[in-house]
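Examination of the molecular architecture
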Amino acid sequence: MSLSTDERALLTLISASPEPVVMSDFFHELSPPAPGMNERHPGHEEWLLRQIEWHRVSVRLWQQNYVRIVAPANGERGDMVKPTEVGLTALTA
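Residues numbered from 1 in each chain as written. Predicted model: local features only at pLDDT ≥ 70, side-chain atom pairs only at ≥ 80, totals over all residues. Heavy atoms only, no water.

**Quick word on the pattern of salt bridges**
Here the structure, examined in full by the defined rule, presents five salt bridges. In this structure, Glu39 and Arg40 form a salt bridge, with 3.2 Å as the shortest nitrogen-oxygen distance. Accessibility classification places Glu39 together with Arg40 in one group, the exposed group. Close ionic contact of Glu53 with Arg56 constitutes a salt bridge, the shortest N to O distance being 3.1 Å. Taken together, the residues Glu53 and Arg56, both in helix 3 (residues 44–63) and three residues apart, mark about one turn of the helix. On the basis of relative accessibility, which here comes to 47%, the residue Arg56 falls in the partly exposed class. Look at the salt bridges and you will find they share partners, linking Glu7, Glu53, Arg56 and Arg60 into a network. (Salt bridge = Lys/Arg side-chain N within 4 Å of Asp/Glu carboxyl O. Buried < 20%, exposed > 50% of the residue type's maximum accessible area, 1.4 Å probe, protein only. Helix = DSSP H or I, 4+ residues; strand = E, 2+ residues; numbered from the N terminus.)

**Regarding helix 1 (residues 5–16)**
Given a rise of 1.5 Å per residue, twelve residues ought to cover 16 Å, and the 17 Å separating the end C-alpha atoms of helix 1 matches this to within 8%. Of all the residues in helix 1, the buried ones are Asp6, Glu7, Leu10, Leu11 and Ile14. The buried residues of helix 1 all sit within an arc of 120° when viewed along its axis, so they share a single face. In helix 1, the exposed positions that point more than 90 degrees away from the buried face belong to Thr5 and Ala16. Contacts from the buried residues of helix 1 go to strand 1 (21–22), helix 2 (27–30), helix 3, strand 2 (67–71), strand 3 (80–83) and helix 4 (85–92). (Expected span 1.5 Å × (residues − 1). Arc of directions from axis to C-beta. Contact = heavy atoms within 4.5 Å.)

**Thoughts on the sheet that holds strand 2**
On the basis of which strands lie adjacent, the open sheet formed by three strands has the order 1-3-2 and antiparallel pairing. Sheet topology places strand 1 and strand 2 at the edges, where each strand pairs with a single neighbour. (Pairing = 2+ DSSP bridges.)

Encoded structure:
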């Protein structure tokens, strides 16, 4: 199965980390908010929908076995993940 552009972008960042990561920590890097972004900003709703889409992307990576959870969420942070061999192979395809 091939990676979507979003899946590839997120998996690339995950794979670059030597330690397990929380996938949502990369969402602002992948889709940064505009300067001065707040709930009244004209682009806020579009940006918020994009952030929600990144959650969908992260779930797909897990469902497709491209990442595995190495430390479950604990109430202070989300699930920490590492790429799987399948995920690393998909990045090279």
